[in-house]
Amino acid sequence: MTKIAIAIHGGAGTLVKGMMTPEKETAYRQALQKALDAGYKILENGASSMDAVEKAVQELENSHLFNAGKGSVFTATETHEMDASIMEGKNLKAGAVSLITGIANPVSLARDVMEKTEHVFLAGNGAMEFAKEVGYEIENSDYFYDEFRHNQWLEIKGTDSFQLDHSKNTSTPLSTRKDSKFGTVGAVALDENGNIAAATSTGGMTNKKYGRVGDSPMIGAGNYANNETCAVSCTGSGEYFIRGVVAYDVSCLMEHKGLSLEEATKEVIQNRIIKIGGDGGLIAIDIKGNISLEFNTEGMYRGSKNNEGLDLVEIYK
């Protein structure tokens, strides 16, 4: 039997059992399951891993529960700036966008950059110009408005503080970000042709200034795919994941050190990233369909499914 498999994440962080209402926990589990099933169905129908990761991430972007697409957090100027990337493992083709506004599904725009331009990464006004050129509808700010997200922003508006997603701590310098949740979303998949792909999307940080960009749209940092090794999507303290080139580091350990997927993800998340002060997690898959959901925080919204009976959605450790 040809193996097909998919894994998704909706962010990592301080996710302790009992901190969420049962209703909210149920809502998160249902949203994760919906995205997982949508991506898996694509694989079941014989389509590509690229189609599967795009679809799964679109579903997460369409939910206000996650910090991506519709649920994106507010910047210092009360707007939304979103980032996304996508990569396929067969030819190492990739697309990414950063600092975009009004796009319901940034992951799809990232794929269009990959397939319809000679480039890998478009940002800001240029990315928006490209989006309009290829026919994207620009949503107004009401589409992205969420009262919970807005209240988060109002708490720290006008200060130098920022939050990594829905943190309990209202002044979150990186050194004290242990109370935070990283709401990036992502997916990795293996299709019936043995090709893998990864996609990642985020709404960034609450109250972020200066056009800050995290690891999510950076190929090799927050997202990577290579049929020789694995596909990886990260979620965490972006500055550290950039400095640790985390997604590529996992692939590199497999390629050059001969580590298994599980060994490589463990080494990077439980050792290397901690050494430089970072926290968070990642999801990864190899061409044999092995899946790793590794994180060093209290929890990570995550799910995995394959055609050998695996069908799992989890939040806590």
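Caption draft 1: Inspection of the packing of aromatic side chains at higher detail. Tallying each qualifying case throughout the model produces seven aromatic pairs. Consider the rings of Tyr224 and Tyr248, whose centres lie 5.3 Å apart with planes at 85 degrees: the pair is edge-to-face. Here Tyr224, found in strand E8 (residues 223–225), pairs with Tyr248, found in helix H8 (residues 246–257); they are 24 residues apart in sequence, far enough to count as distant. With relative accessibility at 9%, the residue Tyr224 sits in the buried group. Using a relative accessible area of 30% as the deciding quantity, one classes Tyr248 as partly exposed. Taking the ring centre of Phe148 as reference, the NZ or CZ of Lys24 above it sits at 4.6 Å.

Caption draft 2: Expanded view of the sheet that holds strand E10 (residues 280–286). The strand order across the open sheet formed by four strands is E8-E9-E10-E11, and the pairing between neighbours is antiparallel. Edge positions in the open sheet fall to E8 and strand E11 (291–295), since each of these has one partner strand only. With strand direction ignored, the average angle separating the axes of adjacent strands in the sheet is 10 degrees. Sheet topology note: the E8/strand E9 (residues 230–236) ladder contains three bridges and is antiparallel. Along E9, the bridge assignment pairs Ala225 with Ala231. Here H8 sits on the sheet and contacts E8, E9 and E10; the angle it forms with E9, its principal contact strand, is near 145 degrees. With respect to the sheet, helix H9 (residues 261–275) is in contact with E9, E10 and E11, its orientation differing from that of E11 by roughly 15 degrees.

Caption draft 3: Region of the structure containing the nonpolar core. Core analysis: the biggest nonpolar cluster contains 48 residues, and Ile6, Phe66, Ile100, Leu109 and Tyr301 have the highest contact counts within it. In terms of residue count, helix H1 (residues 22–44) provides more of this core than any other element does, seven residues in total. By size, the runner-up hydrophobic cluster in this structure holds 33 residues, among which are Ala7, Cys230, Val246 and Ala247.

Caption draft 4: Structural context of the pairing of strand E2 (residues 82–88). Counted residue by residue, E2 has seven buried out of seven residues, so it is predominantly covered. Here E2 shows a buried face lined by Met82, Ala84, Ile86 and Glu88 and a second buried face lined by Asp83, Ser85 and Met87. Here five bridges tie E2 to strand E3 (residues 94–100), and the two strands are oriented antiparallel to one another. Bridged to Met82 within E3 is Ile100. Hairpin connection from E2 to E3: five residues lie between these consecutive antiparallel strands, with Leu92 at a positive phi of about 55 degrees. Relative to strand E7 (residues 196–202), E2 runs antiparallel, the two being bridged by six bridges.

Rules used in this analysis
Residues numbered from 1 in each chain as written. Predicted model: local features only at pLDDT ≥ 70, side-chain atom pairs only at ≥ 80, totals over all residues. Heavy atoms only, no water. Phe/Tyr/Trp six-rings, centres within 6.5 Å; stacked < 30°, edge-to-face > 60°. Helix = DSSP H or I, 4+ residues; strand = E, 2+ residues; numbered from the N terminus. Buried < 20%, exposed > 50% of the residue type's maximum accessible area, 1.4 Å probe, protein only. Lys NZ or Arg CZ within 6 Å of the ring centre and 35° of its normal. Pairing = 2+ DSSP bridges. Axes fitted to C-alpha atoms, helices over the stretch in contact; angles between N-to-C directions. Contact = heavy atoms within 4.5 Å. Core = buried A, V, L, I, M, F, W, Y, C linked by side-chain atoms within 4.5 Å.

Worth remembering: the numbers are spatial, not functional.
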